[in-house]
Each structure stands twice: as C-alpha cells, then as structure tokens.
Amino acid sequence: MEFQNILVKIEDGVGVVTLNRPKALNALNNELLTELIHVLEDWDRGNEVRCIVITGSDRAFAAGADIKEMAPQSYMDMYKANFFAQANDRISAIRKPIVAAVAGYALGGGCELAMLCDFIIAADSAKFGQPEINLGVMPGIGGTQRLTRYVGKSKAMEMCLIGRNMDVAEAERAGLVSRVVPAAELMNETMKAARTIAERSVPIAMMTKEAVNRAYETTLAEGVRFERRVFHAMFATHDQKEGMAAFGEKRKPAFEDK
Ligand code: CAA
C-alpha cells in the first residue's frame, strides 16, 4: 500500500509511524486512518516490528478528526459507515506495545488516538484536549470513556464540557502521560523506551499489555485471576526459562519469542 498521509520506518525492531498531513495539523481523515490501521495491523502480524511508535510533528500530534470531512455528514451517513468504529476497534486490538510520542496539539481525535496507544511520552510543548463541544458534538473515538479512566471524572467532565486544553504539567499530574521530556528530546527518549521494549520477549510483552488492559474491562478479582493465569502460562515459555537463567548466570538474556 502506498501511503499519502503517514511516513513509516523500521529501526532496531521499532516501527515508527509519523502522521503527515502538515497543512491540516495531521487531522485524522478517513484516508489517514485507513493507512494507519493498515500499517499497524501489518506490523502486528509480522515478526520484524517488536514495538510501535506513533508520532506527529513538532506543532501537532493531531488536531483532531478532520472537521471538514465530517461537516456535511448526515446521521445516516455516520450510522451506516459506523464512523470511527474501525479506528477504535482495530487500533485497540493491536497486540504489540504502542507508544505515543506527542508534541504540540493532541486535540479531539488526536487526544483519543494518543489514548489508544499503551502509554504517552509528551514533549513539554504538548497540549491535550477534547474540544468537540465547541463544534456541537462530543468525542467519538473513545474520549469520554478513556479520558475518564485516565484522569478521573472531574477533569474529564471539565475537558469535555468546557473544551479546555491541558498543558503537559497538568497531564502528567493527572496521569494522562507517563512522562514529559524537552521537545528536542522527544524522539530520542521515545525511541530509547521503544528499543528497550523491542529487546525483550515480544509474546511476554503482548501478554503483559493484555493483562494491564484487562484492568479497564473487569473487576479487581477477575483481573487478578486473569493475571495469575497468564503469569502461570509464562512458565511454559522458553523466554521465562532464559530470562531467569540469565539472571542467575549474570548475563544478558537472549529472548527468542517463544
Ligand atoms: N480538521 C480539519 N482541519 C483542521 C483541523 C481539524 N481538526 N485542525 C486544524 N485544521 C486545519 C485548519 O483548518 C487550517 O487549514 P487552512 O489553512 O486550510 O485553513 C490548518 O489546519 C491550520 O490550522 P489553524 O490555522 O487553525 O492553526 P492555528 O495554529 O491557528 O490553530 C488549533 C491550531 C487551535 C489546533 C486549531 O486548528 C483548531 O482549533 N483545530 C480544531 C481542533 C478541534 O476542534 N479538534 C476536534 C475535532 S472533532 C473530533 O476530533 C471528533 C472526535 O472525537 C473524533
């Protein structure tokens, strides 16, 4: 597939997608989302990519879903196309770890895309917000649900009802981003984190991601039961044997993804 709206590269087992619609501040139109989903699913299936990074430009991670594309749509258009269902369902079904590297605006669908990733590293220039209310709508790619789980009801309500943006200091305090780095260091720091993940066992990372995500979907007791079952299952893997043997022998483990 030829990409018109994203740039892709693979480096040290890390697949990097850069959203690339600079004239529209990386607004997420249908074409961009189709390309993004295509590459994520391709990397998820293959063996070359072990960890994924999604990023944008210095000015914008993404300034939202494409307002110009949505403006003329009717209820029936949106309903029949099941608008944004593919983006939400297929990106959240990616099993390999995805890190968002966010600089500049992450608004509306941009904030929602960042939250669809497994964690967010933010530049000190980042701004997060759900300003859809200003357009006479509300978030539509999971924002009302994921933002509430990330930052709690009060902040989520305020952001969705007023459309107020959060700067990075507030976003870090509230737990929306895992850490803040100087803008010039964003990709270095994110690649360091992604390479570290890529050096570990891919199936163990996938199981870990699945277990953490289970915390959003179930009760504590069920979540802990799920964790324990998967933890026990890890003792059937080569990589558990190797990881623990390497510790005893004071050497670096050689994981084989099996
Ligand atoms: N959709 C389409 N085009 C967008 C866009 C978007 N979400 N955001 C910015 N653009 C376009 C602008 O129209 C402009 O294009 P033109 O030069 O052709 O006019 C270009 O990007 C640059 O934008 P600005 O001139 O507005 O840049 P600025 O620096 O003055 O302002 C901004 C930046 C504050 C981010 C402003 O662009 C803005 O408010 N954007 C919209 C933010 C928004 O409302 N996002 C939510 C969208 S709805 C949504 O996401 C629904 C959902 O939950 C899925």
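This is a predicted model, so every value here is computed, not measured. (Residues numbered from 1 in each chain as written. Predicted model: local features only at pLDDT ≥ 70, side-chain atom pairs only at ≥ 80, totals over all residues. Heavy atoms only, no water.)

A. Quick peek at the site of the ligand. Neighbouring the ligand are 24 residues, the closest being Arg 59, Ala 65, Gly 109, Glu 112 and Glu 132. Contact distances for the ligand include 3.3 Å between an oxygen atom and a backbone N or O atom of Lys 23. Within the backbone of Ala 65, a nitrogen or oxygen atom sits 2.9 Å from an oxygen atom of the ligand. Coverage of the ligand by the protein chains reaches 65% of its 970 Å² of free accessible surface. Among the elements of the structure, helix 2 (67-70), strand 6 (105-107) and helix 5 (109-116) are those that each provide at least two residues to the shell around the ligand. (Near = heavy atom within 4 Å. Polar contact = N/O pair within 3.5 Å; in protein donor to acceptor, adjacent residues only side chain to side chain. Areas by Shrake-Rupley, 256 points an atom, 1.4 Å probe, with all protein chains shown as cover. Helix = DSSP H or I, 4+ residues; strand = E, 2+ residues; numbered from the N terminus.)

B. Representation of the side chain of Thr 55 in the model. Turning to its location among the elements, Thr 55 is positioned in strand 3 (residues 51-55). At 2.9 Å, the side chain of Thr 55 and the backbone oxygen of Ala 101 are in polar contact.

C. Examining the packing of helix 6 (residues 143-151) against helix 7 (residues 153-162) more closely. In contact at an axis separation of 7 Å, helix 6 and helix 7 are set at 140 degrees when each is read in the N-to-C sense. Overall, the two elements helix 6 and helix 7 adopt an arrangement that is oblique. You can see that helix 6 and helix 7 cross each other, and the crossing is right-handed. In this structure, helix 6 uses Leu 147, Thr 148 and Val 151 to contact helix 7, whose residues at the interface are Lys 153, Lys 155, Ala 156, Met 159 and Cys 160. Classifying every residue of the contact of helix 6 with helix 7 by side-chain character gives five nonpolar, one polar and two charged. (Axes fitted to C-alpha atoms, helices over the stretch in contact; angles between N-to-C directions. Parallel < 35°, antiparallel > 145°, perpendicular 65-115°, else oblique. Left-handed = near helix turned anticlockwise from the far one by under 90°. Contact = heavy atoms within 4.5 Å. Nonpolar A, V, L, I, M, F, W, Y, C, P; charged D, E, K, R; others polar.)

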